[in-house]
Amino acid sequence: MTKVLFVVSECAPFIKTGGLADVAGALPLALSAFDCDVRVLLPGYPAVIAQLSKTKVVKTYEDLFGGPAKLRRWKYAGLNLFIIDAPHLYDRDGGIYGDVTGQDWADNPERFAALSYVGASIASDGAGDWTPDILHGHDWQAGLTPEYLQSAGTDVPFVFTVHNIAFHGNTSADRMNALHLDATRFDADHFEFWGQISALKSALMGADKITTVSRTYAEELLTPEFGIGMDGVLRHRKADLSGIVNGIDEAAWNPATDPNIKPYKTAAGKAANKQALQKTFGLATSDGPLCVLVSRLTEQKGIDLLLEALPELLRHRGQLALLGSGEPKLEVALLEAAASHENIAVKIGYDEALSHQMIAGGDAILVPSRFEPCGLTQLYGLRYGTLPLVALTGGLADTVINASPAALASKVATGIQFFPVNGQALTNAFTRLCDFYSQPAVWKAMQRNAMKQAVGWDASAAEYSAIYSSLMKAPS
Ligand code: ADP
Ligand code: GLC
């Protein structure tokens, strides 16, 4: 049995802002089939603390970056967790990364240094009767782990997964003492990045193995366009970098059993869900495709490209139902678009149940991202027979089979990809989408292909477990 500790800032179903939480909640269960005992170390945000029941304190810290803290062991929803109960760091109103206005918390460097520090302390001294063989950190919030492993004098291997390279977790060098970092390691080989402390750089330099969430993104990361400043570091670590595509939680996302929808086993069952969704969004019936989009609203997600290309969808009497929240200017632009056209409906907010109803009721799911390390909603779409229309980038390139003439002829097409990632190419993609939609036989064949595609975790969990095995010391 390989004991693995995930060090991660969110985990579904307890606390989620994006796909990172889905991965942290589903991969541990998938890995248990590969003889791995995975536990998840998570900050004790108020929403998490409120859900706790029957915990056991397995460790205490007199002064964890400015105050006392307890480490609580908790078993719930099939997951094994360690929760950092540190009110001075996590007990506050607002979001998990920032306040209600969206401004990052000023002490984020300390809040997530604490996460990494506790991870390293569990590796060096154990927690209760459990000590991990491997630490597996996710994104910059776990990035300083190698520094704290070093200061604790432990050589437990560290695997690091990049979910999104755009977030570096940089902070000013004058935080060195506050973060308990070793100033003699503030250099290009460790955590220094252009004169700043960089949690992400620390992880990329210090990890024994680096993974990211699709093969294409692993290649893209080596280029200046996608590496966002870290491409040089990643080229340096290329031998230890690999791409492992995300899967989905097949129990939570199963159209045959989903409690949020009118369950169905074949795509024919989508019609009732489409009708319900149109009603929810106040859309009339129409003979064009109903496109859905569920997303954080940021520059990454290509929402501006969508706004540019929408007239083409509307011209074919297509419809858009969108759920998301994020940058105020994108929210405003979307609400304005909705106000200006009867076939566009937008809900600003975060709503798990509605997201399921949208994936079930939509004809097509849109993911027009500028970059997308993996992306999960296109995978949900495949499983629900909701054809993905996606940008040709990252995990979107790896998980959707474009409806080219050859793919259609050999009956493997599962969606539509567009490239280059701009408004014109997306406009052309809408033309193709509406054309396919007007040919029911072609559309139904693609739905069947999509619903057959493997989108679970099995193959990828096997790849993670192989990485863990490669790092385990042979017994002496
Ligand atoms: P990212 O992690 O970059 O946000 P992913 O596609 O990997 O993108 O994951 C996003 C996850 O968050 C999916 O599970 C998606 O359904 C969910 N999600 C995003 N926005 C919302 C929302 N407004 N309401 C409900 N779920 C959302
Ligand atoms: C990130 C990426 C997304 C990926 C998710 C989970 O948030 O933006 O593409 O699916 O992490 O790995």
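One structure accompanies this document, and this report is about it. Source: prediction; values computed, not measured. (Residues numbered from 1 in each chain as written. Chains lettered and ligands numbered in written order. Predicted model: local features only at pLDDT ≥ 70, side-chain atom pairs only at ≥ 80, totals over all residues. Heavy atoms only, no water.)

Examining the site of ligand 1
Link 1 in the chain: Taken together, the neighbourhood of ligand 1 is formed by 19 residues, with Lys16, Gly19, Arg296, Lys301 and Gly349 sitting nearest.
Link 2 in the chain: Here Asp22 contributes a side-chain N or O atom positioned 3.2 Å from an oxygen atom of ligand 1.
Link 3 in the chain: Here an oxygen atom of ligand 1 and a side-chain polar atom of Lys301 are 2.8 Å apart.
Link 4 in the chain: Relative to its unbound accessible area of 570 Å², ligand 1 is 92% covered by the protein chains.
Link 5 in the chain: Elements supplying a minimum of two residues to the shell around ligand 1: α1 (19-32), β13 (290-297), β14 (319-326) and α14 (377-383).
Link 6 in the chain: Looking at the shell around ligand 1, its residues break down into five nonpolar, eight polar and six charged. (Near = heavy atom within 4 Å. Polar contact = N/O pair within 3.5 Å; in protein donor to acceptor, adjacent residues only side chain to side chain. Areas by Shrake-Rupley, 256 points an atom, 1.4 Å probe, with all protein chains shown as cover. Helix = DSSP H or I, 4+ residues; strand = E, 2+ residues; numbered from the N terminus. Nonpolar A, V, L, I, M, F, W, Y, C, P; charged D, E, K, R; others polar.)

With respect to the pattern of salt bridges
Link 1 in the chain: Using the criterion set out here, one finds 19 salt bridges in the structure.
Link 2 in the chain: Residues Arg72 and Asp85 are paired through a salt bridge, measuring 2.9 Å at the closest nitrogen-oxygen approach. Of this pair, Arg72 sits in strand β4 (residues 69-76) while Asp85 sits in strand β5 (residues 79-85), and the two are 13 residues apart along the sequence.
Link 3 in the chain: Accessibility expressed as a relative area gives 18% for Arg72, which makes it buried.
Link 4 in the chain: Of the charged contacts in the structure, one is a salt bridge between Glu299 and Arg370, with a shortest N-O distance of 3.8 Å. Residue Glu299 is located in the loop between β13 and α11 (303-315), and its partner Arg370 is located in the loop between β16 (364-367) and α14; the two are separated by 71 residues in the primary sequence.
Link 5 in the chain: Through salt bridges with shared partners, one network takes in Lys16, Asp22 and Glu352. (Salt bridge = Lys/Arg side-chain N within 4 Å of Asp/Glu carboxyl O. Buried < 20%, exposed > 50% of the residue type's maximum accessible area, 1.4 Å probe, protein only.)

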